[in-house]
Amino acid sequence: MNVSPSAAGNTVAKRHIAPIIGVLAVQGDFAEHIRMLESLGVEGREVRLPADLDGVSGLVLPGGESTAMRKLLHRWDLVKPIKALAKRGAPILGTCAGAILLATKIADGDEPVLSLLDVEVRRNAFGRQLESFETSLVMEGLGNEGRSRTIQAVFIRAPEIVKVGPSARAVATLEDGRIVAARQGRILGIAFHPEITGETGVHRWLVAEATAALG
Ligand code: GLN
């Protein structure tokens, strides 16, 4: 073979350290997340069946319609394997509807789905005039060495995090004090969509955490 030992060595090392990030692909804007991951040089894998989670070191639960996603998660037996993935220390990013799936409590009746993030969320909390809006906000823990970073966020019929329980921490709020992101270890729920503004910070965080979890 015409490959120098050092080049071959690099290929092997790369294969070992590069995480594969799963993106729940039952409904919603999963394609944008896959594109975002690919733009960062990371393999994003569509997850529809429990077997798709094999070899995955991190997971995105995208935005969409949480009622439809909840039904499909149950129908396709994905609830248990996603919880098991979290238990193994893999990071999980839930955006918008995805954050609703992570919450331990959903205001006004709905049963929680994954219960991995100790927060209460209220669906469609931003009312008619503000159904969609874009803003910049400061998010804790995304910058170098866990520093805060200002990011560009789009809200689309977004939920609000109305309560943060003792196991989680609020990591981003709007100017009026409403909580729009919370974290519990490697579980991060955000009410907004970073994938459609070209904001890479949140996905970089996920990849870094997945790489750390692999190590
Ligand atoms: N309003 C949707 C829900 O409650 C979430 C919207 C979104 O993910 N952009 O499921």
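Described below are features of the structure shown in this document. Just so we're clear, the structure is a prediction, and the values are computed from it rather than from any experiment.

Side note on empty space enclosed by the protein
Point 1. Tallied over the full model, the rule gives one cavity of 30 Å³ or more.
Point 2. One number sums up the size of the largest cavity: a volume of about 30 Å³.
Point 3. What lines the largest cavity is Met-139, Glu-140, Gly-141, Leu-142, Val-171, Arg-183, Leu-188 and Trp-205.
Point 4. Split by residue class, the lining of the largest cavity holds five nonpolar, one polar and two charged.

With respect to the packing of aromatic side chains
Point 1. Tallied over the entire structure, the rule returns four aromatic pairs.
Point 2. Relative to Phe-155, the ring of Phe-133 has its centre 4.6 Å away and its plane inclined at 0°; by these criteria the two rings are stacked. Separated by 22 residues along the polypeptide, Phe-133 in strand 7 (residues 132–139) and Phe-155 in strand 8 (residues 149–156) bring together distant segments of the chain.
Point 3. Between Phe-155 and Phe-192, the ring centres sit 5.5 Å apart and the planes meet at 50°, which makes this aromatic pair tilted. In this pair, Phe-155 is assigned in strand 8 and Phe-192 in the loop between strand 12 (187–190) and helix 6 (201–214), connecting sequence segments 37 residues apart.
Point 4. The rings of Phe-126, Phe-133, Phe-155 and Phe-192 are connected pair by pair, giving a single aromatic cluster.

Regarding the pairing of strand 6 (residues 117–122)
Point 1. Of all six residues in strand 6, five are buried; the element is thus mostly enclosed.
Point 2. Pairing analysis gives three bridges linking strand 5 (residues 103–106) to strand 6, with the strands arranged parallel. Looking at strand 6, one finds that Ala-103 is bridged to Leu-117.
Point 3. Two strands pair when backbone bridges link them, and strand 6 and strand 9 (residues 160–164) are joined in this way by four bridges, in the antiparallel orientation. Bridge pairing in strand 9 links Val-121 to Ile-161.

Looking at the pattern of salt bridges
Point 1. With the rule as written, the count across this model stands at twelve salt bridges.
Point 2. A salt bridge links Glu-46 to Arg-48; the shortest N-O distance between them is 2.7 Å.
Point 3. The exposure class of Glu-46 is partly exposed, given its relative accessible area of 33%.
Point 4. With a shortest N-O distance of 3.3 Å, Arg-178 and Glu-160 are connected by a salt bridge. Taken together, the positions of Arg-178 in the loop between strand 10 (169–173) and strand 11 (179–184) and Glu-160 in strand 9 put the pair 18 residues apart, joining distant regions of the chain.
Point 5. Classification of Arg-178 as partly exposed rests on a relative accessible area of 21%.
Point 6. Three or more residues are tied together by salt bridges with common partners; here these are Glu-65, Asp-110 and Arg-123.

Here is what the cut-offs are and how they apply
Residues numbered from 1 in each chain as written. Predicted model: local features only at pLDDT ≥ 70, side-chain atom pairs only at ≥ 80, totals over all residues. Heavy atoms only, no water. 1 Å grid on protein atoms, 1.4 Å probe; cavity = no way out; pocket = protein on both sides within 12 Å on 5 of 7 lines; lining within 4 Å. Points joined across faces, edges and corners; volume = space filled by probe spheres on them. Nonpolar A, V, L, I, M, F, W, Y, C, P; charged D, E, K, R; others polar. Phe/Tyr/Trp six-rings, centres within 6.5 Å; stacked < 30°, edge-to-face > 60°. Helix = DSSP H or I, 4+ residues; strand = E, 2+ residues; numbered from the N terminus. Buried < 20%, exposed > 50% of the residue type's maximum accessible area, 1.4 Å probe, protein only. Pairing = 2+ DSSP bridges. Salt bridge = Lys/Arg side-chain N within 4 Å of Asp/Glu carboxyl O.

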